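Listed below, chain by chain, are the residues.
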Amino acid sequence: MRIMLACAAGMSTSMLVAKMQEASKAVGRDDTIWAVEQGQIEAELGNFDVLLLGPQVRHIKRKVDKIVNGAVPVDIIDPVAYGRVDGAKVLEQADRLVQG
């Protein structure tokens, strides 16, 4: 699965990305997970299966929903999992979104 995270500067989610990659490998998966700055979302369209927004940019969700136009699921990363840098929980959130 291709999981893209977006935040204010593309850097605050880097630790979470690393933890998600560890969680993915721990269960024998080879997911592609990366983070971008919120302004890069449109340029990345077609490159991801699910988009998770950092809690600090939750205010852009409606705008992002319009950009993505239903092509992939979009959600706000669970703030508790984000704060705890719980890669496994955020990976589960991405799985739930993709499975519908």
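Structure: above.
Residues numbered from 1 in each chain as written. Predicted model: local features only at pLDDT ≥ 70, side-chain atom pairs only at ≥ 80, totals over all residues. Heavy atoms only, no water.

1. What about the side chain of Ser24?
- Take Ser24: it is sitting in helix 1 (residues 14-26).
- With relative accessibility at 2%, the residue Ser24 sits in the buried group.
- What Ser24 contacts, discounting residues up to four positions off in sequence, is Arg29, Asp30, Asp31, Ile33 and Leu91. (Helix = DSSP H or I, 4+ residues; strand = E, 2+ residues; numbered from the N terminus. Buried < 20%, exposed > 50% of the residue type's maximum accessible area, 1.4 Å probe, protein only. Contact = heavy atoms within 4.5 Å.)

2. Some remarks on the environment of Thr32
- By the secondary structure assignment, Thr32 is in strand 2 (residues 32-37).
- For Thr32 and Gly54, which are 22 residues apart along the polypeptide, the C-alpha to C-alpha distance reads 18 Å.
- Residues in contact with Thr32, not counting those within four places in the same chain, are Met1, Arg2 and Ile3.

3. Overview of the pattern of salt bridges
- As enumerated under the stated definition, the model contains four salt bridges in all.
- Note that Arg2 and Asp49 form a salt bridge whose closest N and O atoms lie 2.9 Å from each other. Of this pair, Arg2 sits in strand 1 (residues 2-7) while Asp49 sits in the loop between strand 2 and strand 3 (50-53), placing them 47 residues apart in sequence.
- Under the relative-accessibility criterion, Arg2 is labelled partly exposed at 31%.
- Among the salt bridges present, the one from Asp65 reaches Lys61, with a minimum N-O distance of 2.9 Å. Remark: Lys61 and Asp65 occur in helix 2 (residues 61-68); sequence separation between them is four residues, near one turn of the helix.
- Within the structure, one salt-bridge network assembled from shared partners comprises Arg29, Asp31 and Asp95. (Salt bridge = Lys/Arg side-chain N within 4 Å of Asp/Glu carboxyl O.)

4. With respect to the pairing of strand 3
- With burial as the criterion, each face of strand 3 is covered, one bearing Val50 and Leu52 and the other bearing Leu51 and Leu53.
- As judged from the three bridges shared by strand 3 and strand 4 (residues 74-76), these two strands associate in the parallel manner. The partner of Leu52 across the bridge, within strand 4, is Asp75. (Pairing = 2+ DSSP bridges.)

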